[in-house]
Amino acid sequence: MPLLRSLSVTSLSGLPFWEDESLPVEDLMFFEISWEVTNKVGGIYTVIQTKAKVTADEWGENYVLIGPYYEHNVKTQVEVCEPNNAAVKKAIDSLKFQGFQVCFGRWLIEGNPYVLLFDISSAAWNLDKWKGEFWDTCHIGIPHYDSESNDAVIFGSLTALFLKELTEQFHSKPNIIAQFHEWQAGVGLILSRIRKYPIATIFTTHATLLGRYLCAGNADFYNLLDKFNVDKEAGERQIYHRYCMERASTHCAHVFTTVSAITAVEAENMIKRKPDVITPNGLNIKKFSAMHEFQNLHALYKSRIQEFIRGHFYGHLDFNLEKTLFFFIAGRYEFTNKGADVFIEALSRDTAHLVKEKFGKRLYEALLKGETPDMNKFFDRDDLTIMKRAIYATQRQTLPPVTTHNMIDDSNDPILNMIRRIGLFNNRADRVKIVFHPEFLSSTSPLLPMDYEEFVRGCHLGVFPSYYEPWGYTPAECTVMGIPSVTTNLSGFGCFMQEHVADPTAYGIYIVDRRFRSPDESCNQLTQFMFGFCKQSRRQRIIQRNRTERLSELLDWRYLARYYMYARHLALSKAFPDKFQMDPIIPPLTEGFKYPRPASVPPSPSVSLHSSPHQSDEEDNDDERYDEDEEAEKDRRNIKTPAFSGPVPIGKSQSDLEYQN
């Protein structure tokens, strides 16, 4: 489902224009192969699903996705049909004649691309034969107990068999481009290259296999990146065969791509090849027709979250919900990789203590002035008795739970153990309250009936201080919905924003340094970010949300698809140099381009912030009006004037060319 963005914030039109020489798509066929085509396992599904529309718009009928067949997915996501291309139909019929079950149809997502799905179980009787051929071909042995690798061999062998049947019919044209995502699809690439099929191949890794395992094991990954004995590490984790499949796929491909600059460094050290192109992940963004709609949605869904909080904290609701900010973290349950440990630790630090100190100071000053009201002057004894009975009736003896569910083996749960260690149990004195919801959000849930997108829109800040995050869709989704977020310089998203935005913080993108600081320093920096956010007034938060949402243009596939276009053109020029030439130009990295600081941001943002979390009621009645369209126009003028996309002149450093504002 595409995320929506509003027309209320006019898109900045200063993005550098790049147009690759058009490929003759009528004389080409493009196949994209992944284990997550119609089969949601992780983030790669989101990449392929959201990118399908811009790719289908470019390639039309000559674009086909290849993935595994699962009946429950096909019934709900695929409209089965016959292929219009006679050669594709003949190749499918040939596979069916050999006893393999193949499904062809339209994937019912935006763009409606063709999909070709192979039933792995229908070809399992060939497993031993294909594993033997794979060993003879590249000396990679697959153990019998690894069902995932066995499935990858079957899937790859079927893919290679289909491509062989197709190339035998096409002869000289149309030429074929095949892009393989991750090691599960890599067997098809390896076999196609070794058997010398006339195909231009691209291999894309979204995260290296060994990198995931090392980070999950709490290794000091980035400091030791160039010191790991990769063969030894893979062998000790019993994934050496998978590692070999991934590395062979990387080195066999004409073009190797990955999703971010930080993953490029990882790939160069882990699988020993520097990526040819970095292909950032985007989102399929649509616009609202009504102005200010995303701000209205924030208010609507915030009220629904407040309803949940009223119920969860019933009997202990001694805080003002209208002055409560909602921070959240979401993602796979990888406690360290996703930064949950740093987030919880930061909550227990200065944020809570400084807020408590401010309240204590305010109460002390009021007492010195003698402003404590004498309740006996306002109520008689009967009134007080009735009031006390009403108050006691709403109280409960137990504290509001920190989790919404009963956890299995909660004594060993890392999140609950850390909450116990820092002592945030939702006491009345705790100005930071915690709610741990260990379940996917759904609008049909009786507990918190909201979809994930609705929940995100209702929050104030997403916090994702990940240690290992090759891209990071969660902060990207926040950006598209106009919600500020915290990310790190170890995430692909954080690196991308540092490269493309001169002052990310001004646009609501807070980047924690987890690469060059100690864990304790990173935690303190996160604490400062969150406390600084709490000091903003309501009006300042509204302005910041507008700026955050304005960055969504950078994350639109209509902009980011250029990197994939470049990779395809590069693969064709390497595979068929006689037919396709490519000028020796650099990839479209938009060097020298950055979103400048917003024109209305003062040189030092601290001068406009309060020294403690803003609690003033007067801010809602501020006479100073904020004209959203006027600010957007300021930013458009600000970005057009200094835009620089040429090479850096001799004698000038890149920093000399950055915007002065």
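Bear in mind the structure is a predicted one, so any value in this text is a computation, not a measurement.

Draft legend 1. Region of interest: the overall build of the chain. Within the chain, the secondary structure is distributed over 21 helices and 15 strands. Here the contacts in the chain between residues at least 6 apart in sequence split such that 75% fall between residues at least 24 apart. Just so you have it, the chain exposes about 30,400 Å², and 52% of that area is on carbon and sulfur atoms.

Draft legend 2. A look at helix H18 (residues 519–534). Between its first and last C-alpha, H18 extends 23 Å over 16 residues, near the 22 Å set by a 1.5 Å rise per residue. Of the residues making up H18, those classed as buried are Ser522, Cys523, Gln525, Leu526, Thr527, Phe529, Met530, Phe531, Gly532, Phe533 and Cys534.

Draft legend 3. Focus on the packing of aromatic side chains. One pass over the structure, following the stated rule, counts 28 aromatic pairs. Between the aromatic rings of Phe30 and Tyr63, the centroid separation amounts to 5.5 Å while the plane-to-plane angle is 20°, which identifies the pairing as stacked. Highlighted residues: Phe30 in strand E2 (residues 28–33) and Tyr63 in strand E3 (residues 63–68), separated in sequence by 33 residues. Like Phe30, the residue Tyr63 is buried in the burial classification.

Draft legend 4. Molecular detail of helix H11 (residues 293–312). Across its 20 residues, H11 extends 29 Å between first and last C-alpha, which sits within 8% of the 28 Å expected from 1.5 Å per residue. Within H11, burial applies to Phe294, Gln295, Leu297, His298, Tyr301, Lys302, Ile305, Gln306, Phe308, Ile309 and His312. Here the buried face of H11 lies against helix H15 (452–458) and helix H19 (538–550).

Draft legend 5. Region of the structure containing empty space enclosed by the protein. Within this structure, the stated rule accounts for 2 cavities of 30 Å³ or more. The computed volume of the largest cavity comes to approximately 40 Å³. Every residue along the wall of the largest cavity is listed here: Lys51, Val54, Thr55, Glu58, Ala561, Tyr564, Met565 and Arg568. The set of elements that each furnish at least two residues to the lining of the largest cavity consists of helix H1 (43–59) and helix H20 (557–575). When the residues that make up the lining of the largest cavity are grouped by side-chain class, the tally is 4 nonpolar, 1 polar and 3 charged.

About the criteria used
- Residues numbered from 1 in each chain as written.
- Predicted model: local features only at pLDDT ≥ 70, side-chain atom pairs only at ≥ 80, totals over all residues.
- Heavy atoms only, no water.
- Helix = DSSP H or I, 4+ residues; strand = E, 2+ residues; numbered from the N terminus.
- Contact = heavy atoms within 4.5 Å.
- Areas by Shrake-Rupley, 256 points an atom, 1.4 Å probe, with all protein chains shown as cover.
- Expected span 1.5 Å × (residues − 1).
- Buried < 20%, exposed > 50% of the residue type's maximum accessible area, 1.4 Å probe, protein only.
- Phe/Tyr/Trp six-rings, centres within 6.5 Å; stacked < 30°, edge-to-face > 60°.
- 1 Å grid on protein atoms, 1.4 Å probe; cavity = no way out; pocket = protein on both sides within 12 Å on 5 of 7 lines; lining within 4 Å.
- Points joined across faces, edges and corners; volume = space filled by probe spheres on them.
- Nonpolar A, V, L, I, M, F, W, Y, C, P; charged D, E, K, R; others polar.

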